[in-house]
Amino acid sequence: MQYEILARPAASAARLTLQAGESITCEVGAMIAMSSGFNVETTTRNKGGGGGIVKGLKRMFAGENLFLNHFTATQPNQTLIIGPGLLGDIIHYPMRGGTLIVQGSSWLASATGIDIDATWQGLGKALFSGESMFWVKCSGAGDLFLNSFGAIYPVDVTGQYVVDTGHIVAFEDSLEFRIGKASKSLVGSFLGGEGLVCKFSGQGRLYCQSHNPPSFGKLLGPKLKPR
Amino acid sequence: MIEFTCPSCQKHYRVNDELAGKTAKCKQCGGTFQVPMPVVPAEVDEYAVSSAPVAASVQASAAPIAAAVVDGRGTSAILSGNTGNFEYEISQRPDFALVTVKMQQGQKVFAEPSAMASMTPSVTLKAGFKGGLGRTIGRALGGESLIINTFTADQGPGEVTFAAGAPGDAAYYRLQGNTLYVQRGAFMLHSEGVDLTGKWQGAKGFFSGEGLVLLKASGTGDIFFNSYGAILQVDVTDQYIVDTGYIVAFEDTLQYRVTILPGLRAGGKLKSFFFGGEGLVCQFSGQGKVWVQTRHVHSFLSWVHPFRPASKN
């Protein structure tokens, strides 16, 4: 599969070129346009593999859809253009057998060699991190595409690193995080508007996003008519 | 900007492009050098997305993870040229596209109301109905305003800058007696010689959920249209499928039909239609160009919806 990411960073879209027999699994609703030589299948499971309804439901809790769309090229050189719903960037992450933990709505598409599952981060983290209860756990080898709200930036963590809640896109599972206060005193943390933060430790790569979707939503919401 | 280092002391400089080739003196070591020519990035025409694979595509390689991002430089290039009627420039692409047209004395352009951002005082603006009542109603059905603003450069040559209501891209198309269909709301402005009407699309339009009507632009002249997100141009040579919400415009040499994703109808795969989220697509066939936008206002609206306050009753 060849890929190209166009119109970065705000209106980004990924153009994928697949050869006959190759397939890619995408987030539901990600398809913008495509050549006619694709077979499209909607399932609750990973392509050709296990999973099924339980994994699907877990994925739903992780902020993704219960269903996955599998696009399989039936002819050579078929192009598929995919993009996320909100304004933001797309990155390509080549997986080589490791595991990447992805924030619920940041998973866009992955090659068939990647197993997608939801992972539980613990109740405390779920309640206080401002992220969803489950995260999407990607493992295996192949091309993985992630999207962000706003720009995306990588951080190589060695030791410790602090990220405000809502700004995590993905991290390698060699990293661990716990919830902590932004400043030494709890009052100070909240007055500073940072509240609780995610404290990462270990060695590995972390991807952050410049903007935090709930912050933007809370800014817009009160100005709109009640639903 | 040109970036270079002093050949003798390695001091780093950033200077304006117009200084290229000039001889200058280093502020640090006093040595003289010639400012190098700006490095022009290799022009990869990513604006034109063809149905065939593009040689410039970067292969998913074993490069370091951080660098495995391809720059979509083509989508941010300034588009400019001479339409035959006037000079135009589309700048600040793809997120905040501005369309500037330079008019000769007496020339006119017709634009969607509130599309004008700024203009020279030599241009006068007149709001009004154009092309009679029938046309006007046709346009209204097409999701465009009843009123079309006429900009006339009657006090001498002038310049008008237009921008769309939503942040996004803009594109230019030259009509040469043929017809272009423009998605509802995407019309920005056109020159003299272009006839703009709403066209009833029947059930095709109904099922696409994007309004009943596409605007039909025909004649000989220039038309500019805008999008939410970037615009990608696709040259269709046989068949191509676009999600109905992402169509901006297409040439009338293409046949189209609104359908559920092909391959889903057979074999009881209707599940994809109901749960797959890709719902309705537009299947184009024939030869011609389609312009596709990379974002969709409806996705944004449905995302904002849960943040709205709950109504009191």
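Note that the structure is predicted; figures quoted are calculated from it, not measured.

What follows is about the environment of Ala73(A). All names here are of chain A. The residue Ala73 is located in strand E6 (residues 68-73) in this model. Under the C-beta neighbour-count criterion, Ala73 is labelled buried, with 24 such atoms within 10 Å. The contact partners of Ala73, leaving out residues within four places of it in the chain, are Leu18, Gln19, Ala20, Gly21, Glu22, Ser23, Gly37, Phe38 and Gln78.

Another aspect to go through is unusual backbone geometry. In the segment running from Arg8(A) into Pro9(A), the intervening peptide bond is cis, with an omega of -5 degrees. On the secondary structure map, Pro9(A) appears in the loop between strand E1 (2-6) and strand E2 (13-18). Although it is not a glycine, Ala7(A) adopts a positive phi angle of roughly 55 degrees. Even without being glycine, Gln92(B) reaches a positive phi, approximately 60 degrees.

Time to look at the confidence of the model for chain A. For chain A, mean pLDDT is 82; residues scoring 70 or higher make up 77% of the total. Put simply, helix H2 (residues 123-128) of chain A is where chain A has its lowest mean pLDDT, 56, and E2(A) is where it has its highest, 94.

Below, the discussion takes up the sheet that holds strand E11 (residues 116-119) of chain B. Residues and elements named next belong to chain B. Pairing within the open sheet is antiparallel, and its five strands lie in the order E7-E8-E9-E14-E11. Since the sheet does not close on itself, it has two edges, and those belong to strand E7 (79-82) and E11, each with one partner. Between one strand axis and the next, the sheet turns by 15 degrees as a mean value, whatever way the strands run. Of the strand pairs in this sheet, strand E8 (residues 87-91) and strand E9 (residues 98-103) are connected by five bridges, and their pairing is antiparallel. Paired with Ile90 across the bridge in E9 is Val99.

Scoring rules and cut-offs
Sequence order as written defines residue numbering, which begins from 1 separately in each chain. Think of it this way: whatever chain is written first is A, whatever ligand is written first is 1, and the rest follow in order. The predicted origin of the model limits local features to residues at a pLDDT of at least 70 and limits the giving and counting of side-chain atom pairs to 80 or more, whereas totals for whole chains, interfaces and linings rest on all residues. Helical segments are the DSSP runs of H or I of at least four residues, strand segments are the runs of E of at least two, and each set is numbered from the N terminus. Whether a residue is buried, exposed or partly exposed follows from its count of other C-beta atoms within 10 Å of its own C-beta, namely 20 or more, 12 or fewer, or something in between, respectively; the C-beta atoms are built from the backbone. C-beta atoms are placed from the backbone for every residue, and two residues are taken to be in contact when these atoms lie within 7 Å. Every residue gets a pLDDT, meaning the predictor's confidence in that residue, from 0 to 100. Two strands make a pair as long as DSSP finds a minimum of two bridges between them. Simply put, an axis is a line fit to the C-alpha atoms, just over the touching stretch for a helix, and the angle between two N-to-C directions goes from 0 to 180 degrees.

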